[in-house]
Structure formats: C-alpha cells, structure tokens
Amino acid sequence: MRTGEKQLRVMQSFGVPRATTNPYIRMLDSALASAPEIVHLRFDRRRALFGRYDVFHFHWPETLLGGSTRTRVAIRRIFFALLLARLRLSRRIAVVRTVHNIELPHDVTPWERKMLRGVIARADFLILLNDETPVDEHAQSTVIHHGDFRSWFESLGVSKERPTSDQIGFVGLIRRYKGVEGLISAFRGTAPEAQSMRLQIAGRPTSDDLAAEIRALAGDDPRIDLDLRYLSEAEFVSAVTQTEGIVLPYLFMHNSGTVLAVLSLDRHVLVPRTPVNENLAEEVGPGWIRMFDGELQSADLVSFLPSVRAERQSDVPDLSARTWEEVGTRHAAAYRTAVSARGRAAR
C-alpha cells in the first residue's frame, strides 16, 4: 500500500468459513485477512444492504439464493434483489466477480438466472483463474491463479500414505460430467493386459441412481475398489496418496481445484487435454500431468504411470507461483483497480 492510500473496505460474498467450506474459500479468507492493504469483511446481510464498504466481491452468487425451506428461499431472493438494487444505484461501490465457471448454473429458475445476469452486468472488474477464460473484450480483468493446497494440507496435520504400486484412483464428489462411468469402462478394458493395475473410486455420488450405475459398471472386477461416501479432508489425503496417480476424466474441465490438490500431495494426474491443462503441465514441470485426447481409452490408462515415471524430472511439482501470500497481494491490487474503474465510470 502506498503512503497516503487508505485501506479499502472489501466485503466478500462468503461468510465465516465452516469445516465444510470449500478449501479455496478458506485459504482465500485467510490470505485476505492478512493483506494490509484492505479491511477484509466477511458477508453480512445487514452490512451488505446498509453498511459502508468500497468493494463487493462475488464468487458463486447463486449460493446467496438457495435455502432449505420455501420461506428461506423467498427471503434470500428478496435480499438478493435488494442487494443488486443497492449495487446498481451506488456510484461509489465497485463490484468484483471471480469467474469460477464460464456458464451460469443450469439448475436455477428463470428469475434467478435474471438476477445472476444482473451481477454479471454490474461487475466493474473480473478476476480470472486462468489465462484461457473467455471474457468480453471490453471487460477489465486480471488473472490470479488458484493457489496451491500445500499449506492447507500441512495445517490439517495428516500424514501422506505410501503409494501402492500400479494403483490409480478417482477422488471427489461424483457428478455426471466428471466421467467416472467412462473411467470404469475404460479400466475394465485394460484386462488382461494390465492385470496388476488397481482402480480406487472414492467420493460420494450426487444421486442413488448414479451410485447404482457405478456399482453395476464395476461389477465383479476384483481390481476395482469403490468407496462411495463423503470424504473428510484426512480421508481425501489418504485416498490420493495411497495411489501412484489420480485420473480425472471430466467430460468438461475448465477450472479444477482437484487437479491442484492432487499435485499439492505430490501425485501424478491424468486429465483431458485442454489449453488450461497444457499451460499447467508446462508450469509444474515434466511428468506430473498426463493428458488424453477425446474420450478416455483403456490405452490411456495403461500408459499413464509408465509415461509419467519416464518423464518426471523432479520429486515434487513446481507450484512456487501459487502461494497464497501472492494471491492475497494480487487480490488487493485488483480491488484498487476496480475502485479506480468505478470512479471513472461514475463521472
């Protein structure tokens, strides 16, 4: 912060982090609280509508719309409309939006979609998590890469497992777009060529139907181990580190915190070929990220571990450009740019 500059009061769209809060948010919360250039304000409805702040920062704005009952949903919708009205009428408050996803969520009502589009229209400044996120050519933006998870896992105090030779795995919440069904089919196709390989699927499916389909696909193959439940942080670490590598066969992948989590635990990862993943593979060093083209094939799984063993040139991937101290500093700079942009727009 330059001499004479005031601290900016920045309100986030997330509240006090809980044990189940996304680790990205928990680490960002800590990084922003440590940034001397800003006053870090967690989300508070009364303050959001009536309080004083210079910047409002949206992450996943749709999370402000949900509720466990119809009454709560109605109250949150009213609040969201009032907040958006305040931000639209304010000539002083800058609005920043982190582009976590390049499309609006599909499971929202037309009214909610209208509100979310209102956030997009009101944003003065965008924070992108990678260099490949498409934005309007007139939008002001900067890239602040997702920080690594090393300090996060260290803070948990859990130990890594010894990897089991020839074991690969999938970890995390199991959704349709993540391609777990195709992973199981491709793995079953590796027999008898790769009889020593093992596949572990660890994570909770989003529906009973999906869980039943996964069990049916795995069938009686003794090389496949299913652990279809929610994983604690310690269980996540164990599931990743007892493998030699993790396969994330997503049908669509843009920003993936799971890739960085796996790399932070010093394990190899197999992912679809995208410009984002190609850039990340170059950043972290040879051998840590292997990519497949098109639909995942049995041959991709057979060649995965031998190829990364041959290519790897370091004991750990290079994540030095993704420290959370740097993330906090760059967010503070982004907020100041957004305030300047808002000031020019209000003249």
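Everything quoted here is computed from the prediction, not taken from an experiment. Along each chain, residues carry numbers from 1 onward, in the same order as the chain's sequence is written. Per-residue local features of the predicted model are confined to residues with pLDDT of at least 70, and side-chain atom pairs are confined, for both listing and counting, to 80 or more; whole-chain, interface and lining totals are unaffected and use all residues. Note: side-chain values were computed over all heavy atoms of the structure, leaving out hydrogens and water.

1. Focus on the sheet that holds strand 7 (residues 167-171)
Part 1 of the argument: Here six strands make up an open sheet; going across it, the order is 9-8-7-10-11-12 and the pairing parallel. Two strands in the sheet have a free side with no partner beyond their single neighbour: strand 9 (224-227) and strand 12 (289-292). Going from strand to strand, the sheet's axes swing by 25° on average, the running direction of each strand aside.
Part 2 of the argument: Strands are labelled as partners when DSSP assigns at least two bridges between them. The helix and strand labels rest on DSSP assignments: H or I over at least four residues marks a helix, E over at least two residues marks a strand, and numbering proceeds from the N terminus. Here strand 7 pairs with strand 8 (residues 198-202) via five bridges, running parallel. Axis definition: a line fitted to C-alpha atoms, limited for helices to the stretch in contact. Angles are taken between N-to-C directions and run from 0 to 180 degrees.

2. A short note on the packing of aromatic side chains
We describe a pair of aromatic rings using the distance from one ring centre to the other and the angle between the two ring planes.
Part 1 of the argument: Only the six-membered ring of Trp is used, alongside the rings of Phe and Tyr, when aromatic pairs are assigned; centres must lie within 6.5 Å, and planes under 30 degrees apart are stacked while those over 60 apart are edge-to-face, with the rest tilted. According to the stated counting rule, one finds eight aromatic pairs in the structure shown.
Part 2 of the argument: With centroids separated by 6.4 Å and ring planes inclined at 85°, the aromatic side chains of Phe-43 and Phe-56 adopt a geometry described as edge-to-face. With Phe-43 in the loop between strand 2 (38-41) and helix 2 (45-50) and Phe-56 in strand 3 (residues 55-58), the pair connects residues that are 13 residues apart, well separated along the chain. As far as the burial class goes, Phe-43 and Phe-56 line up, both buried.
Part 3 of the argument: Look at Phe-43 and Phe-79: their rings are 5.7 Å apart centre to centre, the planes differ by 75°, and that puts the pair in the edge-to-face class. In this pair, Phe-43 sits in the loop between strand 2 and helix 2 while Phe-79 sits in helix 3 (residues 70-89), placing the two residues 36 residues apart along the sequence. Taken individually, Phe-43 and Phe-79 each receive the classification buried, so the pair is uniform in this respect.
Part 4 of the argument: Between the NZ or CZ atom of Arg-45 and the centre of the ring of Phe-79, over which it lies, the distance is 5.5 Å. Relative accessibility decides the category of a residue: with a 1.4 Å probe and only protein chains considered, values under 20% of the type maximum give buried, values over 50% give exposed, and everything between is partly exposed. Lysine NZ or arginine CZ positioned within 6 Å of the ring centre and within 35 degrees of the ring normal marks a charge as sitting over the ring.

3. Comments concerning the packing of helix 6 (residues 180-188) against helix 7 (residues 208-218)
Part 1 of the argument: In contact at an axis separation of 9 Å, helix 6 and helix 7 are set at 5° when each is read in the N-to-C sense. It follows from the interaxial angle that helix 6 and helix 7 lie roughly parallel. Residues Val-180, Glu-181, Ile-184, Ser-185 and Arg-188 of helix 6 form the contact with helix 7, whose own contacting residues are Leu-210, Glu-213, Ile-214, Leu-217 and Ala-218.
Part 2 of the argument: Under the grouping applied here, Gly and all other residues not named as nonpolar or charged are polar, the nonpolar ones being Ala, Val, Leu, Ile, Met, Phe, Trp, Tyr, Cys and Pro and the charged ones Asp, Glu, Lys and Arg. Here the residues of the contact of helix 6 with helix 7 sort into six nonpolar, one polar and three charged. Oblique is the label for any angle not under 35 degrees, not over 145, and not in the 65 to 115 range, which are roughly parallel, roughly antiparallel and roughly perpendicular in turn. Contacts: residue pairs with any heavy atoms within 4.5 Å of one another.

4. Structural notes on the nonpolar core
Part 1 of the argument: Residues Ile-168, Ile-201, Leu-248, Leu-263, Ile-289 and Leu-301 are the most contacted members of the largest nonpolar core, which totals 79 residues.
Part 2 of the argument: Apart from the residues lying within four places of it in its own chain, the contact partners of Ile-289 are Leu-263, Val-269, Val-271, Asn-277, Leu-280, Ala-281 and Val-284.
Part 3 of the argument: Nonpolar cores were defined as sets of buried Ala, Val, Leu, Ile, Met, Phe, Trp, Tyr and Cys residues, with membership established by side-chain atoms within 4.5 Å. Within the second largest apolar cluster, 27 residues are counted, among which are Leu-65, Leu-83, Val-95 and Leu-128.

5. Here we look at unusual backbone geometry
Part 1 of the argument: The linkage connecting Ala-191 with the following residue, Pro-192, adopts the cis geometry, with an omega of 0°.
Part 2 of the argument: In this structure, Pro-192 sits in the loop between helix 6 and strand 8.
Part 3 of the argument: Residues other than glycine seldom take positive phi values, yet Asp-166 does so here, at roughly 70°.
Part 4 of the argument: Structurally, the position occupied by Asp-166 is in the loop between helix 5 (150-156) and strand 7.
Part 5 of the argument: Although it is not a glycine, Asp-266 adopts a positive phi angle of roughly 60°.
Part 6 of the argument: Residue placement: Asp-266 occurs in the loop between helix 9 (257-264) and strand 11 (268-272).

6. Overview of helix 7
Part 1 of the argument: Taken together, the buried positions of helix 7 are Leu-210, Ala-211, Ile-214 and Ala-218. Burial along helix 7 is one-sided: seen end-on, the buried residues are contained in an arc of 100°. Exposed and facing more than 90 degrees away from the buried side of helix 7 are Asp-208, Asp-209 and Ala-216.
Part 2 of the argument: Structurally, helix 7 contributes buried residues whose contacts are with helix 6 and strand 9. Taken from the helix axis, the directions to the C-beta atoms give the arc we talk about.

7. Observations concerning the pairing of strand 3
Part 1 of the argument: Covered by surrounding structure in strand 3 are Val-55 and His-57 together with Phe-56 and Phe-58, the residues of both alternating faces.
Part 2 of the argument: Across three bridges, strand 1 (residues 8-12) lies against strand 3 in parallel orientation. Each residue of the ladder has a partner; that of Gln-12, found in strand 3, is His-57.
Part 3 of the argument: Examined bridge by bridge, strand 3 and strand 4 (residues 94-99) share four bridges and lie parallel to one another. Bridge pairing in strand 4 links His-57 to Val-96.
Part 4 of the argument: Where the polypeptide runs from strand 3 across helix 3 and back to strand 4, its parallel neighbour, the crossover connection is right-handed. The definition of a right-handed crossover adopted here requires that, viewed with the strands pointing away, the path from the first strand over the helix to the second runs clockwise.

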